[in-house]
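This is what each chain is made of:
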Amino acid sequence: MAERPEDLNLPNAVITRIIKEALPDGVNISKEARSAISRAASVFVLYATSCANNFAMKGKRKTLNAGDVLSAMEEMEFQRFIAPLKESLEVYRREQKGKKEARKDKDKKADSEEQDKSREDDNDDDDERMEEEEQNDEEEVDN
């Protein structure tokens, strides 16, 4: 674990992109201000993680979950973030569910295709056996 918040800075490219999206066009930001925002964001993430971890520990769990993060936001008095976070969480869950269903459908389709191919192979084998039997029958008749 890092000893100081500075050891866990967020990537500058990410911070720069977030800042640009938050500011109106034509507004510039100094390097010093960008650095201060980056440090503040890192401290916020560390503090939110620590608070969420406390809720997980109270629940005797080692894995933080979304409920822990939402509870941490409330404890940190960031109630105005809770509703948007819940909305984002629902969108994320729907996307994950859609991906999971798509994988299931893909797997079912692959299984179905394998079964069809297996049936075709079995039918081809049956056709070959029938042809061989017909040839044997013809040879027996000739003899």
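For the structure, see preceding data.
The present account deals with the structure reproduced in this document. Just so we're clear, the structure is a prediction, and the values are computed from it rather than from any experiment.

Together, Glu128, Glu131, Glu132, Glu133 and Glu134 make up a region of like negative charge exposed at the surface. Here glutamate 132 lies in helix α4 (residues 79-142). On the basis of relative accessibility, which here comes to 49%, the residue glutamate 132 falls in the partly exposed class.

Note that aspartate 68 resides in helix α3 (residues 66-75). The exposure class of aspartate 68 is buried, given its relative accessible area of 4%. Separated by 2.8 Å, the side chains of aspartate 68 and arginine 61 make a polar contact. Aside from chain neighbours lying at most four places away, what touches aspartate 68 is Ala52, Phe55, Ala56, Arg61 and Thr63.

As a further point, take the packing of helix α1 (residues 12-22) against helix α2 (residues 31-58). At a closest axis distance of 10 Å, the pairing of α1 and α2 adopts a crossing angle of 105°. Compared by their axis directions, α1 and α2 come out roughly perpendicular. Residues Asn12, Ile15, Thr16 and Ile19 of α1 form the contact with α2, whose participating residues are Arg34, Ile37, Ser38 and Ala41. Tallied by class, residues from the contact of α1 with α2 come to four nonpolar, three polar and one charged.

This next bit is on the nonpolar core. Grouped together as the largest cluster of nonpolar side chains are eight residues: Ala48, Cys51, Ala52, Leu70, Ala72, Met73, Met76 and Ile82. Contributing elements (two or more residues each) for this core: α2 and α3. Once you skip the residues sitting within four places of it in the chain, alanine 72 turns out to touch Ala48, Cys51, Ala52 and Phe55.

On to the packing of α2 against α3, then. Where α2 contacts α3, the two axes come as close as 8 Å, and the packing angle between them is 115°. The orientation of α2 with respect to α3, classified from their angle, is roughly perpendicular. The chirality of how α2 crosses α3 is right-handed. Residue-level contacts link Phe44, Ala48, Cys51, Ala52, Phe55 and Ala56 of α2 to Asp68, Val69, Ser71, Ala72, Met73 and Glu75 of α3. Its residues assigned to classes, the contact of α2 with α3 comprises nine nonpolar, one polar and two charged.

Estimated volume of the largest pocket: approximately 220 Å³. Phe44, Ala48, Thr49, Ala52, Leu64, Val69, Met73, Phe78, Phe81, Pro84 and Leu85 are the residues that line the largest pocket. Elements with a minimum of two residues in the lining of the largest pocket: α2, α3 and α4. Per element, the largest residue contribution to the lining of the largest pocket is four residues, and it comes from α2. Of the residues in the lining of the largest pocket, the class split is 10 nonpolar, one polar and no charged. When residues of the lining of the largest pocket are assigned to domains, at least three map to each of domain 1 (1-76) and domain 2 (79-116).

The topology assignment puts serine 38 in helix α2. Among all residues touching serine 38, those that are not within four sequence positions of it are Leu10, Asn12 and Ile15.

Time to look at the pattern of salt bridges. For the structure on display, the rule yields three salt bridges. Here arginine 61 and aspartate 68 are joined by a salt bridge, their closest N and O atoms 2.8 Å apart.

What counts, and where the lines are drawn
- Residues numbered from 1 in each chain as written.
- Predicted model: local features only at pLDDT ≥ 70, side-chain atom pairs only at ≥ 80, totals over all residues.
- Heavy atoms only, no water.
- Patch = residues over 30% accessible without salt bridge, like charges linked within 9 Å, V, L, I, M, F, W, Y side chains within 5 Å.
- Areas by Shrake-Rupley, 256 points an atom, 1.4 Å probe, with all protein chains shown as cover.
- Salt bridge = Lys/Arg side-chain N within 4 Å of Asp/Glu carboxyl O.
- Lys, Arg positive; Asp, Glu negative; His and termini not counted.
- Charge placed at Lys NZ, Arg CZ, Asp CG, Glu CD.
- Helix = DSSP H or I, 4+ residues; strand = E, 2+ residues; numbered from the N terminus.
- Buried < 20%, exposed > 50% of the residue type's maximum accessible area, 1.4 Å probe, protein only.
- Polar contact = N/O pair within 3.5 Å; in protein donor to acceptor, adjacent residues only side chain to side chain.
- Contact = heavy atoms within 4.5 Å.
- Axes fitted to C-alpha atoms, helices over the stretch in contact; angles between N-to-C directions.
- Parallel < 35°, antiparallel > 145°, perpendicular 65-115°, else oblique.
- Nonpolar A, V, L, I, M, F, W, Y, C, P; charged D, E, K, R; others polar.
- Core = buried A, V, L, I, M, F, W, Y, C linked by side-chain atoms within 4.5 Å.
- Left-handed = near helix turned anticlockwise from the far one by under 90°.
- 1 Å grid on protein atoms, 1.4 Å probe; cavity = no way out; pocket = protein on both sides within 12 Å on 5 of 7 lines; lining within 4 Å.
- Points joined across faces, edges and corners; volume = space filled by probe spheres on them.
- Domains from an automatic or database assignment.

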